[in-house]
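Listed below are the residues making up each chain.
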Amino acid sequence: MTIHSASQPISITFPLPSDQLLHLIQFNVYRAFISIKRTINTISLDPTTCPVFGPCLDDTTRYPPNPKIPPSLAPTTLQLSQYHFPWINIMPFSQLRDNLIRREGRFDNFELWRDLVGDLMSYTAAPWQRGTPFSFSTTIPETKQSQGLILENYIDTDELTAGRNGLIIWGEPHNMQSWEATPGFLTKWSWAVEGCEELVEISNRWRVRRGAQPIRLSISVLGRNK
């Protein structure tokens, strides 16, 4: 395809090279998160109680929720009762948000963000923070060992997802049906997506539409959820 500008024509070849495609995917995810942030943004009656980089409690008495907030973004009981990082609130799956809150302080959130948006992060870790999980709140004790989602072993040959550990957005960010998770993301962050079997189902719809092999959960996971 050739785009004619005032100076000279610009030639763009499709499909895009792998590195450019990855950057485009991460840029779209970044824009989607910004859109969600704007959707759930509320006016604080007391701006000193919830600093941007401090612990946040989704207290509906202090932060009246947007009356038009989509159900997928409505705060869970855990969000309303447990202090947590504000960025967790923009995740479009409620179970994913709860899992992140429960594990806060046990994982490197900067590594998670790098997998999601690459170098587009505006808030990067200081040298002393890199590779070090930390939390502003008391981590919730785990009552049982989390197994996470377990996928059947297979080689992912899909050019959009192979070798990548992130998400893909295809439509309205607040709509769960618009999101796709790569097999790498579901494997690397399996504890975060535990209980999010619908994310696998939604991802498979997008994969099948473009002729890619669907993701399959292991028999042990399927049996556990019956």
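Here goes a summary of the coordinates provided. These figures come from a predicted structure and were not determined experimentally.

What to know about the overall build of the protein
- Looking only at helices and strands, one finds 7 helices and 4 strands in the protein.
- Ordered by position from the N terminus, the helices and strands of the protein form the series β-β-α-α-α-α-β-β-α-α-α.
- Considering only intrachain contacts with a sequence separation of at least 6, the fraction spanning at least 24 residues in the protein is 63%.
- Summing over all exposed atoms, the protein offers an accessible surface of approximately 12900 Å²; the carbon and sulfur share of this is 56%.

Some words on the nonpolar core
- Within the largest apolar cluster, 38 residues are counted, with the highest numbers of intra-cluster contacts made by Phe33, Trp87, Leu100, Leu116, Trp179 and Phe185.
- Only helix H1 (18–40), helix H3 (94–103), helix H4 (109–117), strand S3 (167–169), strand S4 (179–181), helix H5 (183–188) and helix H6 (197–209) provide two or more residues apiece to this core.
- The dominant element in this core, judged by the number of residues it contributes, is H1, at 5 residues.
- When residues no more than four places from it in sequence are discounted, the contact partners of Phe33 are Ile90, Met91, Pro92, Trp113, Leu116, Val117 and Trp179.

What about the pattern of salt bridges?
- The tally for this structure, following the rule as stated, stands at 5 salt bridges.
- The shortest N-O distance in the salt bridge between Glu111 and Lys188 comes to 2.8 Å. Placement of the pair is Glu111 in helix H4 and Lys188 in helix H5, with a sequence separation of 77 residues.
- Residue Glu111 is classed as partly exposed on the basis of its relative accessible area, which comes to 29%.
- Of the charged contacts in the structure, one is a salt bridge between Arg207 and Asp156, with a shortest N-O distance of 2.9 Å. With Arg207 in helix H6 and Asp156 in the loop between H4 and S3, this residue pair connects regions lying 51 residues apart in the sequence.

Some points on the side chain of Gln79
- Secondary-structure assignment places Gln79 in helix H2 (residues 77–81).
- Engagement of the side chain of Gln79 in a polar contact is seen with the side chain of Asn89, the distance being 2.9 Å.
- Side chain to side chain, Gln79 and Arg97 meet in a polar contact 2.7 Å long.

Rules behind the numbers
Residues numbered from 1 in each chain as written. Predicted model: local features only at pLDDT ≥ 70, side-chain atom pairs only at ≥ 80, totals over all residues. Heavy atoms only, no water. Helix = DSSP H or I, 4+ residues; strand = E, 2+ residues; numbered from the N terminus. Contact = heavy atoms within 4.5 Å. Areas by Shrake-Rupley, 256 points an atom, 1.4 Å probe, with all protein chains shown as cover. Core = buried A, V, L, I, M, F, W, Y, C linked by side-chain atoms within 4.5 Å. Buried < 20%, exposed > 50% of the residue type's maximum accessible area, 1.4 Å probe, protein only. Salt bridge = Lys/Arg side-chain N within 4 Å of Asp/Glu carboxyl O. Polar contact = N/O pair within 3.5 Å; in protein donor to acceptor, adjacent residues only side chain to side chain.

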